[in-house]
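# Observations on the three-dimensional arrangement
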Number of protein chains: 2
Amino acid sequence: MKDGWIYRSGIASSVYSCGLKKTGQYDLALLRFPKPACWTGCFTQNRCAAAPIIYAKSLLKQGKDVRLLLINSGNANAATGREGLDDIKFLTKRIEALSGIDSEEIIVSSTGVIGEPLPKERISAALPELLQRSSGFEDSVADAIMTTDTKRKISELSFYSHGQLFHIWAMAKGSGMIFPHLATMLVFIITDFPLSEWKGNLLKDVVDESFNKITVDGDMSTNDSVFLFSIGENAKANKTDFKDALMSVAKELSEKIVEDGEGAHKIVNVVVKNASGVEDAKKAASKIANSELVKTAIYGEDPNWGRVYAALGASGASFDPLKVSISFDDKPACRNGKKAKDYSEEALSKIMKHNRFSIIIDLNAGDASYNIFTTDLSYEYIKINASYRS
Amino acid sequence: MKDGWIYRSGIASSVYSCGLKKTGQYDLALLRFPKPACWTGCFTQNRCAAAPIIYAKSLLKQGKDVRLLLINSGNANAATGREGLDDIKFLTKRIEALSGIDSEEIIVSSTGVIGEPLPKERISAALPELLQRSSGFEDSVADAIMTTDTKRKISELSFYSHGQLFHIWAMAKGSGMIFPHLATMLVFIITDFPLSEWKGNLLKDVVDESFNKITVDGDMSTNDSVFLFSIGENAKANKTDFKDALMSVAKELSEKIVEDGEGAHKIVNVVVKNASGVEDAKKAASKIANSELVKTAIYGEDPNWGRVYAALGASGASFDPLKVSISFDDKPACRNGKKAKDYSEEALSKIMKHNRFSIIIDLNAGDASYNIFTTDLSYEYIKINASYRS
């Protein structure tokens, strides 16, 4: 604890703009816990994982608690070779020198352009002021971690367990390079619920049901991370209560990410049901949710279910094409592999004008199901991504 | 043989417009061989294969020669259930009644919208005139099989084998739903080179090196077909000479398809080399060639090699991220997993302004390689596909 630091919502925080973003917006955030935080994380499965991912995983292995979190946007510190790790160590050592906090109790997390060396001197120069200032967990922290995001993404929640009140505070960033596992996103979740050994699986279970069920463009980032920190004291508490609360926060944030998908106007829940197994349902939902032809049809508000059917066939899932039914919300499009008898172009078009709807694919092959939230593929997506770096 | 039919380039042909295309352009083509043609085919691996695919495969199994080919555009006869097959049988029986040609010696091939019943009566009404008229293998036939294609795609070639002159005539359609295996495309290749038992593998080998190495949007169609017909008489001939000639025709047509990719301005050859195995090289090339982020960067002429690196990491291929090098043509972008020391933004930007260039990924892990031709993802792609059906 340091005199003068203000702790609110579980943490003390400060933000800064050191010029990593050309817009001059906040690009650095420092989060400090009131006590060493027990933590865990889920990370990208991208083989070209960025330096901060490699570093965080090595810390997790060591099993030390965490005192401080430095997050930057505007540079991903990805594809930066061994120097990327050296730069992280340089910064954590610098914080140690300035604050007395052990460098191995500091996590660094980055998002932004891939392939540019981290401007460590610029970040380093901002550290004294970042460590000096402090406020609670405020909106500006969620702003400082954004890149192409248009909206800040935060979620807070309180819940009782064994008669005691606990809290979860969380923030996320992400709007492109979004696809399991994981999306290009950083998620930070802090709780005063006491966490112990079972924390690892619990987070993975929750991530599988939330952040791993969204896609914007089928691309997996080098920097995806979901961090969970606990500053809870020993207390009688029920992990199911916590898991429910955590799931609620994770689903809220993952919806916010897909809602803010690059160029997205619509959120569509692709539901594959009655598959012969979950893997088949997943393959099918994933192929449909990432099909450019399906996504442009959603953008064009065209109930072109034939493209859904074609993508399903290309998914590698196992099913009988003559038993497939497809509907948009509750309106039938295809039944038994062909146009439904009660097909109504008007009714389907009406559903596609909504900002949210479901495409439901019934394989009639078993009882497994899976769903993924996707977006439309629009002119704006192209615009954002044809010019993002420059 | 029928009096009055004109055979040129190996076939007699006629075209018609029966209103399957809203534009009123040719949508029916009839091709007739001067003698029963020995044939083979490669077909889509889409599980929801269209009725004409199922029908052609059953004919191939029977092993009968082919006399006549009816091709329509504007309707794919896909997702049409058992009625789709009944409609094909109705049409082939009708041709049998009109021409005396055994219905089992007739192939029907379709491309167009998925999920609408084939307007068989309209096609049937056109048959007498289609069977009456005749000209050689002319440009209009290649036009009649087009959908969103903007250019007709034909290829002709002559070659000598054992001192004898042989010919190949071929045409293709395809510009969207293009990805191995196969693209949304129909390809018809006719030769007077005599074919016998080895024909099956030979065609597959050629298709793997040509049509299976192009992608426009990562989607696999329900109707993809490559047909190869031989009307050659017994003759001494060398199958290697034929394979070389066939490869040349197949590569020319596959380049024409990707050049005419929906909304495409650029053709980029994604080359993965020095992989530890061909499967790894293929996974990597395929993921990069289909990444929306890579394709929008190509459209924006932005040498954002970090997206190539990220897509590579997400591909599932096995390699050491710190040994990866990436170049655009001969200009280095990334070496040993980070920005190349001799990186020149200017030199790379200059390459990206070209209509054709290569992105070369060196994994430094072995000696296997694979390449795929892809296109940029543009506003025009969205425009074409947000409104194609209507």
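Just so it is clear, the structure is predicted and the values come from calculations on it, not from any experiment.

### Brief notes about the overall build of chain A
Each helix and strand in chain A was counted, giving 11 helices and 14 strands. Out of the 390 residues in chain A, the part that is buried amounts to 57%. Counted over contacts in chain A with a minimum sequence separation of 6, partners at least 24 positions apart contribute 79%.

### Remarks on the relation of the copies chain B and chain A
Each of the two chain copies can be generated from the other by rotation about an axis followed by a shift along it. Least-squares fitting of chain B to chain A yields an RMSD of 0.0 Å, with the superposition described by an axial translation of 0.0 Å and a rotation of 180°. Here the transformation between the copies is reduced to the relation of a two-fold axis. In terms of proximity to the rotation axis, the leading residue of chain B is Tyr-379 of chain B, whose C-alpha is 2.8 Å off the axis. Looking at chain B, 100% of its interface residues are interface residues in chain A too, so the copies touch through the same face.

### A word on the sheet that holds strand β14 (residues 368-375) of chain B
Pairing between sheet strands relies on hydrogen bonds along the backbone, with the strands arranged either parallel or antiparallel. Residues and elements named next belong to chain B. An order of β12-β11-β10-β13-β9-β14 is seen for the 6 strands of this open sheet, with the pairing classed as mixed. Either end of the sheet is taken by a strand with one partner, and the two such strands are β12 (338-339) and β14. The pairing of strand β11 (residues 331-335) with β12 spans 2 bridges and is classified as antiparallel. Across the sheet, Arg-335 pairs through a bridge with Lys-338, a residue of β12. Running at roughly 20° to β14, helix α7 (residues 278-289) makes contact with β9 (267-275), β13 (356-362) and β14 of the sheet.

### Some details on the domain arrangement of chain A
Looking at the assigned domains, one finds that chain A contains domain 1 (12-259) and domain 2 (267-387). Relative placement of domain 1 of chain A and domain 2 of chain A: their C-alpha centres are 33 Å apart.

### Quick look at the packing of helix α2 (residues 81-99) of chain A against helix α3 (residues 120-132) of chain A
All names here are of chain A. With their axes 10 Å apart at the nearest point, α2 and α3 run at an angle of 25° to one another. Taken as axis vectors, α2 and α3 run roughly parallel relative to one another. As for how α2 packs across α3, the hand of that crossing is right-handed. Contact residues: α2 offers Asp-87, Phe-90, Leu-91, Arg-94, Ile-95, Leu-98 and Ser-99, while α3 offers Lys-120, Ile-123, Ser-124, Leu-127, Pro-128 and Leu-131.

Definitions and limits used
- Residues numbered from 1 in each chain as written.
- Chains lettered and ligands numbered in written order.
- Predicted model: local features only at pLDDT ≥ 70, side-chain atom pairs only at ≥ 80, totals over all residues.
- Helix = DSSP H or I, 4+ residues; strand = E, 2+ residues; numbered from the N terminus.
- Buried ≥ 20, exposed ≤ 12 C-beta atoms within 10 Å, placed from the backbone.
- Contact = placed C-beta atoms within 7 Å.
- Least-squares fit on C-alpha atoms with pLDDT ≥ 70 in both.
- Pairing = 2+ DSSP bridges.
- Axes fitted to C-alpha atoms, helices over the stretch in contact; angles between N-to-C directions.
- Domains from an automatic or database assignment.
- Parallel < 35°, antiparallel > 145°, perpendicular 65-115°, else oblique.
- Left-handed = near helix turned anticlockwise from the far one by under 90°.

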